[in-house]
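# Examination of the molecular architecture
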Amino acid sequence: MPKIQNSLNQNLADWSVIYFKLHHFHWYVKGPHFQTLHEKFEELYNFAALSLDEVAERILAIGGKPLSTMKDYLSQSNIKEGGDETKDVDMVKAVIDDFILLTNRLNETQEMAEEAGDAATADLLTQQIGTLQKHIWMLSATAGINVPTKVKA
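To start, this report covers the structure provided alongside it. Note that the coordinates shown come from a computational prediction; the quantities given were computed from them, not determined experimentally.

### A closer look at the packing of helix H4 (residues 88–115) against helix H5 (residues 119–143)
- Put simply, H4 and H5 touch, their axes get as near as 9 Å, and they point 160° apart. On the basis of their axis angle, the class for H4 and H5 is roughly antiparallel. Between H4 and H5 the crossing geometry is left-handed.

### Description of the packing of aromatic side chains
- Counted by the stated rule, this structure contains four aromatic pairs.
- Seen in terms of ring centroids, Tyr 19 and Phe 20 are 5.1 Å apart; in terms of plane orientation they differ by 85°. Their pairing is edge-to-face.
- For Tyr 19, a relative accessible area of 22% gives the class partly exposed.
- Taking the centre distance of 6.1 Å and the plane angle of 85° together, the rings of Tyr 19 and Tyr 45 count as edge-to-face. Here Tyr 45 lies in helix H2 (residues 34–61) and Tyr 19 lies in helix H1 (residues 2–28), a separation of 26 residues in the sequence.
- When its relative accessible area of 10% is taken as the criterion, Tyr 45 is described as buried.

Parameters at a glance
Residues numbered from 1 in each chain as written. Predicted model: local features only at pLDDT ≥ 70, side-chain atom pairs only at ≥ 80, totals over all residues. Heavy atoms only, no water. Axes fitted to C-alpha atoms, helices over the stretch in contact; angles between N-to-C directions. Helix = DSSP H or I, 4+ residues; strand = E, 2+ residues; numbered from the N terminus. Parallel < 35°, antiparallel > 145°, perpendicular 65-115°, else oblique. Left-handed = near helix turned anticlockwise from the far one by under 90°. Phe/Tyr/Trp six-rings, centres within 6.5 Å; stacked < 30°, edge-to-face > 60°. Buried < 20%, exposed > 50% of the residue type's maximum accessible area, 1.4 Å probe, protein only.

On their own, these measurements won't tell you what the molecule is for.
Below, the structure written as structure tokens:
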């Protein structure tokens, strides 16, 4: 299980960085879609908070130690901090890209859990993947772009 615990910790780090990035976007979004995106980013950071908590608790349930410092999150995550995006559509595109990256990483961990016979971890991640895919679709429609094909089914 150490391999699954390590992968889950990377997922936890990704969720944690996304959580703070979504907060940043929530606070700094401007433009004609301010109200809609301000509310959407809040919905998404609440989703991220719930998701990172579920992953951390799963790590504990299988005998691991979840990461718990910003230093660890930033060093383990493939998600980059926000801050360069100034336009609302750029923020939405950044979230789409991050959600695609996270979806693909969760898929890898989910497959690893299935191969190890860890159905509870696989089920948790399957649910998170499905919700992320829905958000990717909705955000893509909001940004007026095609749903990216980089997401594994």
